[in-house]
Amino acid sequence: MVDNFHIISALVEDRPGVLFRVTSLIRRRNFNIDTITVGSTEREGISRITLTMRGDENIVEQLVKQLSKIPDIIKISELKPSESVYREMAIIKVLAQDAERRSDVLNYVSIFRGKIIDASKDSLTIEIVGNPNKINAFIEIMKSFGIIEMAKTGIVALQRGLRGKIEG
Amino acid sequence: MKISGARAIVEALKREKVEVIFGIPGGATIPFYDVLLESDIRHVLARHEQCAAHMADGYARVKGVPGVCTATSGPGATNLVTGLAAAYMDSSPVIAITGQVPRSMVGKDAFQEADIVGIVNPITKYTFQLESASQIPDVIRLAFIIASTNRRGPVLIDVPRDVQLEDVDFDYTERIKIKGYVVRTGEPHPYSIKRAIGLIMGSERPMILAGGGVIASNASEELIKFAELIMSPIVTTLMGKGAVPEDHPLCLGMVGMHGRIECNKAIEEADLIIAIGTRFGDRTTGKLDEFGRNAKIIHIDIDPAEIGKNVKVDVPIVADAKKALIALYSKLIEFGFSRKESEWINKINRLKESFASNYEEKGDGLKPSKILKILRNILPKNAIITTGVGQNQMWAALHFKVFEPRTFITSGGLGAMGFGLPAAIGAKVAAPDRPVFNIDGDGSFLMTEQDLATAVTERIPIVSIILKNRSLGMVRQWQCLFWNKRYAYVDLGNVPDFVKLAEAYGAEGIRIESYEEFERAARRSLSAEMPIVMEVPISPDEKVLPMVPPGKSLKEVIWYG
Ligand SMILES: Cc1cc2nc3c(=O)[nH]c(=O)nc-3n(C[C@H](O)[C@H](O)[C@H](O)COP(=O)(O)OP(=O)(O)OC[C@H]3O[C@@H](n4cnc5c(N)ncnc54)[C@H](O)[C@@H]3O)c2cc1C
Ligand SMILES: Cc1ncc(C[n+]2csc(CCOP(=O)(O)OP(=O)(O)O)c2C)c(N)n1
């Protein structure tokens, strides 16, 4: 991964308007993020927001400090990529009309440990999960076959080991 | 016991010791107002909701406790926006209660519906939209905690009309906490104090930069003791004006774009800048790369996000200003450190003297600086000044010496024209026994002039001194200095006649033509029982000098227009 890649993980109250507060702050303070995901956690009433961005340390530190002032954010920290696991999923629909192309695509899918989740006469729809590097590499290859459409989830991440458990 | 949501709000406000609410009612707040009518809480009927917010803000800044304003849904709520933004930029604790359309109609573009919670999100510390009356006690309690702790700021509570009518079991004990909001103790970390002490003891030319945070923290006494111990001169930001008495021998006055030249020079020469409760705004620092280039910097601020936001600092101290100053002071005493005289202080005094004559009035006509000096001699030390925005505000900052914290009330961060009059009303409500003077520009005054009606009907005797230069003076000054004197649309004309305007509202209007007249009028106004408006004609060519051109370093001062 590029070295100025940062993952920020926040535990937030599961309340209306929280995502709005987060995105509004990001826009207002002129931060630039790459992905944002929101979902539930093991604890009812608490959601996790995961943000990724590129930029120098100071900018990330400012973003974390500014976000941590939002009262709905219970805990926020930067996750070091080397000390965490992170995954993204993409669904990619590629052109695969003749048999040769189809088998090429299938080959790549199996190398990248993707899955075919739908197929039509002219296309294959692939599900691929992994770290963003792997997904990007796969997408690059698929471009040569012709991507019809694509959707990505954004990154979710957790710290390795026991740390990071929700306390209290 | 079950009571209505509206009653619960009023009950909760009483528990928070709210004495006064500034506002205008409307369809979505009638239930609330109906209960307010019979409560002991005073209501001041504003004539524009922007003013209601500025009044609450002025009240809060003078009293140091949250000020409360209210508006109905839709247009009432949107009118609050400028007032809330001004409070937010200056970290002032204002609570706004807005009416909202009934819950079932939210999102349907109902009559007078506006998504006020969405609109003010970026200009408030926090917002609540009530979903049921049962939330009222907790929400009001939390709103006051959030507004008045840590770095203070405005909080808005949006209350759908039907929530005001719904019954609730009123229980004002602490039931819930907001997990993500921790009220800081404000105690500094011993390690950061130790590091700061090292820098202070090693410095030869220390300089204290005191900001609005010193006033918010009521840390003036501690600051003076500290400064005297280390013999450090003090400069303030605009928001820090009043943090130390401006006749104190160590206090130089305001620094920055319109700062006094000796302050800007002194900060350039310091080898240590101790910044306390300031956010290093661009108006304070000038060109950032050159600010404090030769100095080490200690930054005391209660908001961790302010550390390193604009200026890289050597020693950050995340703490309440007062607590940090107490800690620094007692550590220095423990080490037996103190300074008496120093070459640095002598140098500062020479600087002061060498520029003193530059501030003297020259030329014909009434000079704003002289008017302000005369006013200072008349007013008691605890008199409160509010200002408009523009030249009037900067003249007040430069030439009106302030001796006590919370007596110079100005819209610094947002720079909202129209702030002066309503802020003065709020200030006078907070401190009815002290004189309150609004130093204003004609342009600024016109933006909220209708609230003279409030001052008259509520018999709030505030005095507005309008420095009438018949133009949007500050913009004109920029056009003169940086845009080749191309005066694009800054001419206001000689209208209105502020004497007649005042009279139309039932206030007293006085036209000033000489310094003697001004002095007489100002003295007399000290015992007035009704609002007074003084029209003081000045030349549109009067400038606020010195000035550091935008984007330039503090060294590059302009002295003569
Ligand atoms: C026309 C015009 C001209 C201006 N020219 C100048 C100028 O020449 N010079 C100038 O300085 N300003 C000028 N200003 C004002 C400027 O825009 C800013 O409002 C001002 O500089 C900010 O002051 P401050 O840094 O003290 O911060 P404030 O906005 O007062 O912020 C307070 C700081 O203190 C912190 N704080 C709050 N509570 C505490 C506490 N309890 N303990 C510790 N820290 C705390 C906050 O986190 C924040 O960082 C001008 C404004 C206008 C409209
Ligand atoms: C609401 C608002 N609109 C516009 C401005 C931009 N502005 C800053 S100073 C100024 C001129 C103010 O004129 P006046 O109140 O007459 O004061 P003067 O500078 O002449 O003393 C203007 C228009 C502002 N600060 N606030």
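Since this is a predicted model, take the numbers as computed values, not measurements.

Cut-off values and rules
Residues numbered from 1 in each chain as written. Chains lettered and ligands numbered in written order. Predicted model: local features only at pLDDT ≥ 70, side-chain atom pairs only at ≥ 80, totals over all residues. Heavy atoms only, no water. Near = heavy atom within 4 Å. Polar contact = N/O pair within 3.5 Å; in protein donor to acceptor, adjacent residues only side chain to side chain. Areas by Shrake-Rupley, 256 points an atom, 1.4 Å probe, with all protein chains shown as cover. Helix = DSSP H or I, 4+ residues; strand = E, 2+ residues; numbered from the N terminus. Pairing = 2+ DSSP bridges. Contact = heavy atoms within 4.5 Å. Axes fitted to C-alpha atoms, helices over the stretch in contact; angles between N-to-C directions. Expected span 1.5 Å × (residues − 1). Buried < 20%, exposed > 50% of the residue type's maximum accessible area, 1.4 Å probe, protein only. Arc of directions from axis to C-beta. Domains from an automatic or database assignment. Nonpolar A, V, L, I, M, F, W, Y, C, P; charged D, E, K, R; others polar. Buried area = accessible area lost by both parts, 1.4 Å probe.

J.: It is not clear to me how the site of ligand 2 should be interpreted in this structure. Could you clarify?
T.: Residues and elements named next belong to chain B. In the vicinity of ligand 2 lie 17 residues, with Gln391, Gly443, Ser444, Asn469 and Gly473 positioned nearest. The contact in question runs from an oxygen atom of ligand 2 to an N or O atom on the backbone of serine 444, over 2.6 Å. In the model, an oxygen atom of ligand 2 is placed 3.2 Å from a nitrogen or oxygen of the serine 471 main chain. With the chains in place, 75% of the 580 Å² that ligand 2 exposes on its own is no longer accessible. Put simply, the parts of the chain that give the shell around ligand 2 at least two residues each are α17 (391-399), α19 (442-448) and α21 (473-482). Of the residues forming the shell around ligand 2, the biggest block, four residues, is contributed by α19.

J.: Would you mind showing me how to read the sheet that holds strand β20 (residues 532-537) of chain B here?
T.: Across a sheet, paired strands are connected by hydrogen bonds in the backbone, their directions being either parallel or antiparallel. Residue and element names in this part refer to chain B. Reading across the sheet, the six strands line up as β16-β15-β17-β18-β20-β19 and stay open at both edges, with parallel pairing between neighbours. Of all strands in the sheet, those with a lone pairing partner are β16 (408-409) and β19 (508-511), marking the two edges. Bridge count between strand β15 (residues 384-387) and β16: two bridges; the pairing is parallel. Note on β16: the bridge partner recorded for isoleucine 385 is phenylalanine 408. Taken strand by strand, α17 contacts β15, β16, β17 (436-441) and β18 (463-468), and its axis lies near 130° from that of β17. Along the sheet face, helix α23 (residues 515-525) touches β17, β18, β19 and β20 and points at about 165° away from the line of β20.

J.: Looking at this model, I keep getting lost on helix α15 (residues 343-356) of chain B. Mind explaining?
T.: Note on helix geometry: an α-helix contains 3.6 residues per turn, so any two residues three or four positions apart are oriented the same way. All names here are of chain B. The terminal C-alpha atoms of α15, which comprises 14 residues, lie 20 Å apart, in line with the 20 Å expected from a rise of 1.5 Å per residue. Within α15, the full set of buried residues consists of Trp344, Ile345, Ile348, Leu351 and Phe355. For α15, the buried positions fall inside an angular range of 115° around the axis, keeping them on one side. For α15, the exposed residues set more than 90 degrees away from the buried face come down to Glu343 and Glu353.

J.: I keep staring at the domain arrangement of chain A and nothing clicks. Help me out?
T.: For an interface, size is often stated in terms of accessible area lost upon the parts coming together. Assigned domains of chain A: these are domain 1 (5-79) and domain 2 (85-152). Just the C-alpha atoms count here: the centres of domain 1 of chain A and domain 2 of chain A sit 30 Å apart.

J.: What is the right way to read the site of ligand 1 from this model?
T.: Residues and elements named next belong to chain B. Neighbouring residues of ligand 1: 34 residues in total, closest Thr237, His258, Thr278, Arg279 and Asp301. One nitrogen or oxygen atom from the side chain of arginine 279 is found 2.7 Å from an oxygen atom belonging to ligand 1. At 2.9 Å from a nitrogen atom of ligand 1 is found a main-chain nitrogen or oxygen belonging to alanine 321. Protein contact buries 94% of the 990 Å² of open area that ligand 1 shows by itself. Among the elements that take part in the shell around ligand 1, helix α10 (residues 212-216) stands out by supplying three residues, more than any other. Across the shell around ligand 1, the residue classes break down as eleven nonpolar, 16 polar and seven charged.

J.: Help me understand the domain arrangement of chain B, please; the structure alone is not making it clear to me.
T.: Residue and element names in this part refer to chain B. By the assigned domains, chain B splits into domain 1 (2-169), domain 2 (190-356) and domain 3 (368-537). With centres defined by C-alpha atoms, the gap from domain 2 to domain 3 works out at 31 Å. Contact residues are listed per partner, giving 19 residues for domain 2 and 20 residues for domain 3. The junction of domain 2 with domain 3 conceals about 1600 Å² of combined surface from both sides, 62% of it contributed by carbon and sulfur atoms. Considering only the side of domain 2, the residues that lose the most area to domain 3 are Leu238, Lys241 and His258, jointly responsible for 37% of the buried surface there.

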